[in-house]
Amino acid sequence: MRSVVLDTETTGMPVTEGHRIIEIGCVELQGRRLTGRHFHVYLQPDRAVDEGAVAVHGITDDFLADKPRFADIAEEFFEFIKGAQLIIHNAAFDIGFIEDEFSRLGQTERADINAHCTVLDTLLMARERHPGQRNSLDALCKRYDVDNSNRDLHGALLDAEILADVWLAMTGGQTHLSLSGEGSENGGRAQASAIRRLSPERQRTRVIRAGEQELAAHAERLAAIEKAAGAPALWLQMEQAQQQ
């Protein structure tokens, strides 16, 4: 599955008051791996950037003065996202602005992003998994141990890269393989325990094959993982790869 992690910065909000996109940042994933392809552009919005927005992302009117307009990059941007699963934090915000930009160009077909892409909102996903907790991108970075130390200000490409790491952590299940004992020395890291060799004369473990009900429950669980993650479970991906 091809996915595009996407973020935008704008002149302010809401879009209904004429605010515009001033930065788009996208990174591409194939399956669950970053491909190295990205789309990044700053845009001249033909209006002033609100002071409150500048305080968030640091992008000023002077910086944008010589940048292209959305019309100049609309084709390239659409081709980059077309057919992909879009992974966005608070998707309604970004999708609303993107659809507004296409509408301004009279490109009504492209103004319905859901007709060309599937959209996965990591904010909604986080709220389902962590109800009652803070689920901002910074909060998720802390929760999933994702490095965001370079995020002094918001930036579309940087935030897309960080969100890609967060999404992979959120949907990847176990993130640490512990082969250690129960101790908590070394700043909370447990000390490795000695390897215990098994006797070659030991009684062999009996293999119990899964029954029909267990196989059905397994398939149901994989389907639930795919629904929650927006992508097939790694187990299923490996099985499909072996069949090919």
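This structure is a prediction, so every number in the text was calculated from the model and none was measured.

Visitor: How do you make sense of the overall build of the chain when you look at a structure like this?
Guide: Summing up its helical and strand segments, the chain has ten helices and five strands in all. The buried share of the chain, taken over its 244 residues, is 39%. If you take every contact in the chain between residues at least 6 apart in sequence, the share linking residues at least 24 apart comes to 63%. For the chain, the exposed area adds up to about 15,300 Å²; of that, 49% sits on carbon and sulfur atoms.

Visitor: Just to check I follow, could you spell out the sheet that holds strand β1 (residues 2-10) for this structure?
Guide: Either a parallel or an antiparallel arrangement is found when strands of a sheet pair, and the pairing is made through backbone hydrogen bonds. One open sheet holds the five strands; their spatial order is β3-β2-β1-β4-β5, and the pairing between them is mixed. Strands with a single pairing partner mark the edges of an open sheet, and in this sheet they are β3 (33-42) and β5 (118-121). Across this sheet, the average inter-strand angle for adjacent strands is 25°, counted without regard to direction. Of the strand pairs in this sheet, β1 and strand β2 (residues 21-30) are connected by nine bridges, and their pairing is antiparallel. In the strand pairing of β2, L6 is matched with C26. Set on the sheet, helix α3 (residues 70-81) makes contact with β1, β2, β3 and β4 (85-88); between it and β3 the angle comes to about 165°.

Visitor: So what exactly am I meant to see when it comes to the confidence of the model for the chain here?
Guide: Low pLDDT means the predicted coordinates in that region are not meant to be read closely. Per-residue pLDDT for the chain averages 87, and the proportion of residues at 70 or more is 84%. When the criterion is pLDDT under 50, residues 174-193 qualifies, and its contacts beyond four places in sequence or with other chains add up to 20 contacts.

Visitor: Looking at this structure, I do not really get the environment of F102. What am I missing?
Guide: Here F102 is to be found in helix α4 (residues 91-104). On the basis of relative accessibility, which here comes to 0%, the residue F102 falls in the buried class. Expressed as a C-alpha distance, the spacing of F102 and F70, which sit 32 residues apart in the sequence, is 8.5 Å. Those residues within four positions of F102 in sequence are excluded, and the remaining contacts are F70, A74, F77, F78, Q107, R110, A111 and I113.

Visitor: Mind showing me how you'd approach the nonpolar core here?
Guide: Side chains of nonpolar character tend, in soluble globular proteins, to be buried together. Among the nonpolar cores identified, the biggest contains 26 residues, and I24, F77, I81 and F102 are the most heavily contacted of them. Put simply, the parts of the chain that give this core at least two residues each are β1, β2, β3, α3, β4 and α4. Of the residues forming this core, the biggest block, seven residues, is contributed by α3. Ignoring any residue separated from it by four or fewer positions in sequence, one finds I24 in contact with D7, T8, F39, H40, V41, L43, F70, I73, F77 and A156. Listed in part, the 22 residues of the second largest apolar core include L29, L140, V146 and A160.

Visitor: Can you walk me through the packing of aromatic side chains in this structure?
Guide: Aromatic ring pairs are defined here through the distance separating the ring centres and the angle between the ring planes. Throughout the structure, instances matching the rule amount to eight aromatic pairs. Measuring from ring centre to ring centre gives 4.9 Å for Y42 and F63, while their planes differ by 90°; the resulting arrangement is edge-to-face. Placement of the pair is Y42 in strand β3 and F63 in helix α2 (residues 61-64), with a sequence separation of 21 residues. Taken together, a centroid distance of 6.2 Å and an interplanar angle of 70° make the contact between F70 and F77 edge-to-face. Aromatic ring contacts, followed pair by pair, group F39, F70, F77, F78, F80 and F102 into a single cluster. R2 extends its terminal NZ or CZ atom over the ring of F80, reaching a point 5.4 Å from the ring centre.

About the cut-offs
Residues numbered from 1 in each chain as written. Predicted model: local features only at pLDDT ≥ 70, side-chain atom pairs only at ≥ 80, totals over all residues. Heavy atoms only, no water. Helix = DSSP H or I, 4+ residues; strand = E, 2+ residues; numbered from the N terminus. Buried < 20%, exposed > 50% of the residue type's maximum accessible area, 1.4 Å probe, protein only. Contact = heavy atoms within 4.5 Å. Areas by Shrake-Rupley, 256 points an atom, 1.4 Å probe, with all protein chains shown as cover. Pairing = 2+ DSSP bridges. Axes fitted to C-alpha atoms, helices over the stretch in contact; angles between N-to-C directions. pLDDT = per-residue confidence, 0-100. Core = buried A, V, L, I, M, F, W, Y, C linked by side-chain atoms within 4.5 Å. Phe/Tyr/Trp six-rings, centres within 6.5 Å; stacked < 30°, edge-to-face > 60°. Lys NZ or Arg CZ within 6 Å of the ring centre and 35° of its normal.

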